Amino acid sequence: MQVREVIETLGLKLMTHEVPVDVDVIGGYASDLLSNVMGQAAPGMIWVTMQGHQNIAAVASLIGLSAVIVAGDAPIEEDTLKKAEQNDVLILATSLPAYDVIGKLYELGIRNVK
Amino acid sequence: MSDSKSVKMHYDVAGDDFDRAGEASAGLKRLLQKIGVPADIIRRIAIGTYEAEMNVIIHAGGGQVDAEIFPEETVVYIADQGPGIPDIKLAMQEGWSTAPDHVRQMGFGAGMGLPNMMKCSDDFDIQSTVGSGTNIKMKFKHISEDL
């Protein structure tokens, strides 16, 4: 499964420009604690969070995540998107609550498997 | 610690600067990629360094990140002149944190930084003196688990 299909199926808003969406999603992770994400998420995973500040781009880039979904209409700082674009990080947004996003990802067959 | 076969990197980290947070670890990651260190090793180095960098920003009012990259391993030194850690054993416990609320709201301060650094690195050393600062040394071997 590629990020493009996830965007289309869940109706996500693509927040970053010029970052390719034809990227493989190998699994998923959800947490708002950045250290927890860094300790537990694996490269290629899609990350569901309610955080919208710049450090989500740094964390996603360091791990090599396939995309970040900011759920529940959580505000995303302009600088987050700038930093994400500089580091080839895909940021997606939705008004869906995190719970629903994760459920839908699970339905698509995306698991928390490294 | 100096060697003619090594590449060195130095970053000054400003305290409470969450906008520039992660620059030292991102810079180190780019350098390691250029050198050609295996990707899974780079990821461990970048995560360990990022955790240390964040601690310096959150707790110490700034500090220095130095890295020395040898053919066989990378050594990262993080130094600060902050308040120091009174009880390192306690600080190493998962979940223990003294981070202020505004930092916790950003998803930091979960008390997993130091344990993550230890897990990521092959050798982890922390020295701290209350009132004068903390020094961390992490060694990462360049042997990929995937090989």
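In this convention, every chain numbers its residues from 1, walking through the sequence in written order. Lettering for chains starts from A, numbering for ligands starts from 1, and both go in the order in which the items are written. Whole-chain, interface and lining totals are the exception, using all residues; otherwise, since this is a predicted model, local features are given only for residues with pLDDT of at least 70 and side-chain atom pairs are given and counted only at 80 or more. With hydrogens and water excluded, all non-hydrogen atoms of the structure serve as input to the side-chain values.

As recorded in an unreviewed UniProt entry, chain B goes by ATPase/histidine kinase/DNA gyrase B/HSP90 domain protein and comes from Phascolarctobacterium faecium.

Going by an unreviewed UniProt entry, chain A carries the name Serine kinase and comes from Phascolarctobacterium faecium.

K.L.:
Looking at this structure, how should I read the packing of helix α2 (residues 39-60) of chain B against helix α5 (residues 113-120) of chain B?
P.N.:
Two quantities define a packed helix pair, namely the angle between the helix axes and the distance between the axes. Residue and element names in this part refer to chain B. Taken N-terminus to C-terminus, the directions of α2 and α5 make an angle of 155 degrees; their axes are 9 Å apart at the nearest point. What the angle tells us is that α2 and α5 run roughly antiparallel. In the packing of α2 onto α5, the handedness of the crossing is left-handed. Of α5, the residues touching α2 (which contributes R44, I47, G48, E51, A52 and N55) are G113, L114, N116, M117 and C120. A breakdown of the residues in the contact of α2 with α5 according to their chemical character gives five nonpolar, four polar and two charged. To get an axis, a line is fitted to the C-alpha atoms, and for a helix only the part in contact is used. The angle between two axes follows their N-to-C directions and goes from 0 to 180 degrees. The numbering of helices and of strands both runs from the N terminus, where a helix is a DSSP run of H or I of at least 4 residues and a strand a run of E of at least 2. Reported orientations rely on four angle classes, namely roughly parallel under 35 degrees, roughly antiparallel over 145, roughly perpendicular from 65 to 115, and oblique for the rest. By definition, turning the near helix anticlockwise from the far helix through less than a right angle yields a left-handed crossing, and turning it clockwise yields a right-handed one. By definition in these notes, contact holds between two residues if any of their heavy atoms fall within 4.5 Å. Amino acid classes used here: Ala, Val, Leu, Ile, Met, Phe, Trp, Tyr, Cys and Pro are nonpolar; Asp, Glu, Lys and Arg are charged; the rest, including Gly, are polar.

K.L.:
Where do I start with the pairing of strand β4 (residues 67-70) of chain A in this structure?
P.N.:
For a regular strand, the rule is simple: side chains alternate between the two faces of the sheet. Residue and element names in this part refer to chain A. Residues of β4 alternate between two faces, with A67 and I69 on one and V68 and V70 on the opposite face, all of them buried. Paired strands, in this sense, are two strands between which DSSP finds at least two bridges. Two strands pair when backbone bridges link them, and strand β3 (residues 45-49) and β4 are joined in this way by four bridges, in the parallel orientation. Paired with T49 across the strands is V70, a residue of β4. A right-handed crossover is one whose linking path, passing over the helix from the first strand to the second, runs clockwise when the strands point away from the viewer. In this region the chain leaves β3, passes through helix α3 (residues 55-63) and returns to the parallel neighbour β4; the handedness of that crossover is right-handed. Two elements, β4 and strand β5 (residues 91-93), share three bridges in a ladder whose sense is parallel. Residue pairing across strands places I69 opposite L92, the latter belonging to β5. A 1.4 Å probe rolled over the protein chains alone gives each residue an accessible area, and that area as a share of the maximum for its type sets the label: buried under 20%, exposed over 50%, partly exposed in between.

K.L.:
Mind showing me how you'd approach unusual backbone geometry here?
P.N.:
Of all residues except glycine, most have a negative phi; of all peptide bonds, most are trans. Within the chain, D73 of chain A stands out as a residue other than glycine whose phi angle is a positive 55 degrees. Here D73 of chain A lies in the loop between β4 and α4 (78-86). With a phi angle near 60 degrees, D16 of chain B is a residue other than glycine that sits in the positive phi range. Mapped onto the fold, D16 of chain B is located in the loop between β1 (7-14) and α1 (23-35).

K.L.:
In this structure, what is going on with the sheet that holds strand β2 (residues 62-69) of chain B? I would like to understand it.
P.N.:
Hydrogen bonds between backbone atoms are what pair the strands of a sheet, whose relative direction is either parallel or antiparallel. Residue and element names in this part refer to chain B. Taken together, the five strands give an open sheet; going across it, the order is β1-β2-β3-β5-β4, and neighbouring strands pair in antiparallel fashion. With partners counted over all chains shown, the strands left at the sheet margins are β1 and β4 (123-129), one partner each. Ignoring which end each strand starts from, the neighbouring axes of this sheet average 10 degrees apart. Strands β1, β2 and β3 (73-80) of the sheet are contacted by α1, whose axis makes an angle of about 165 degrees with β1.

K.L.:
Any chance you could explain the side chain of H53 of chain A here in plain terms?
P.N.:
Relative to the helices and strands, H53 of chain A resides in the loop between β3 and α3. Classification of H53 of chain A as buried rests on a relative accessible area of 6%. Nitrogen and oxygen atoms within 3.5 Å of one another constitute a polar contact, given that in protein one can donate a hydrogen and the other can accept it, and given that sequence-neighbouring residues count only through two side-chain atoms. A polar contact is formed between the side chain of H53 of chain A and the side chain of Q51 of chain A, at a distance of 3.3 Å. At 2.6 Å, the side chain of H53 of chain A and the backbone oxygen of M106 of chain B are in polar contact.

K.L.:
Mind showing me how you'd approach the pairing of strand β5 (residues 133-141) of chain B here?
P.N.:
Residues and elements named next belong to chain B. Across eight bridges, β3 lies against β5 in antiparallel orientation. Across the sheet, D80 pairs through a bridge with T134, a residue of β5. The pairing of β4 with β5 spans seven bridges and is classified as antiparallel. Looking at the pairing, T129 lines up with G133 of β5. Between β4 and β5, which pair antiparallel and follow one another directly, the connecting turn spans three residues, one of which, G131, has a positive phi of 95 degrees.

K.L.:
What's the story with the packing of α1 of chain B against α2 of chain B in this structure? I'm lost.
P.N.:
Residue and element names in this part refer to chain B. One way to put it is that α1 packs onto α2 with a least axis distance of 8 Å and a crossing angle of 160 degrees. With respect to α2, the element α1 is oriented roughly antiparallel. Two packed elements cross with a definite hand, and for α1 against α2 that hand is right-handed. Each of E23, A24, S25, L28, K29, L32 and Q33 in α1 lies in contact with α2, whose residues at this interface are I42, I45, A46, T49, Y50 and E53. Residue composition of the contact of α1 with α2, by class: seven nonpolar, three polar and three charged.

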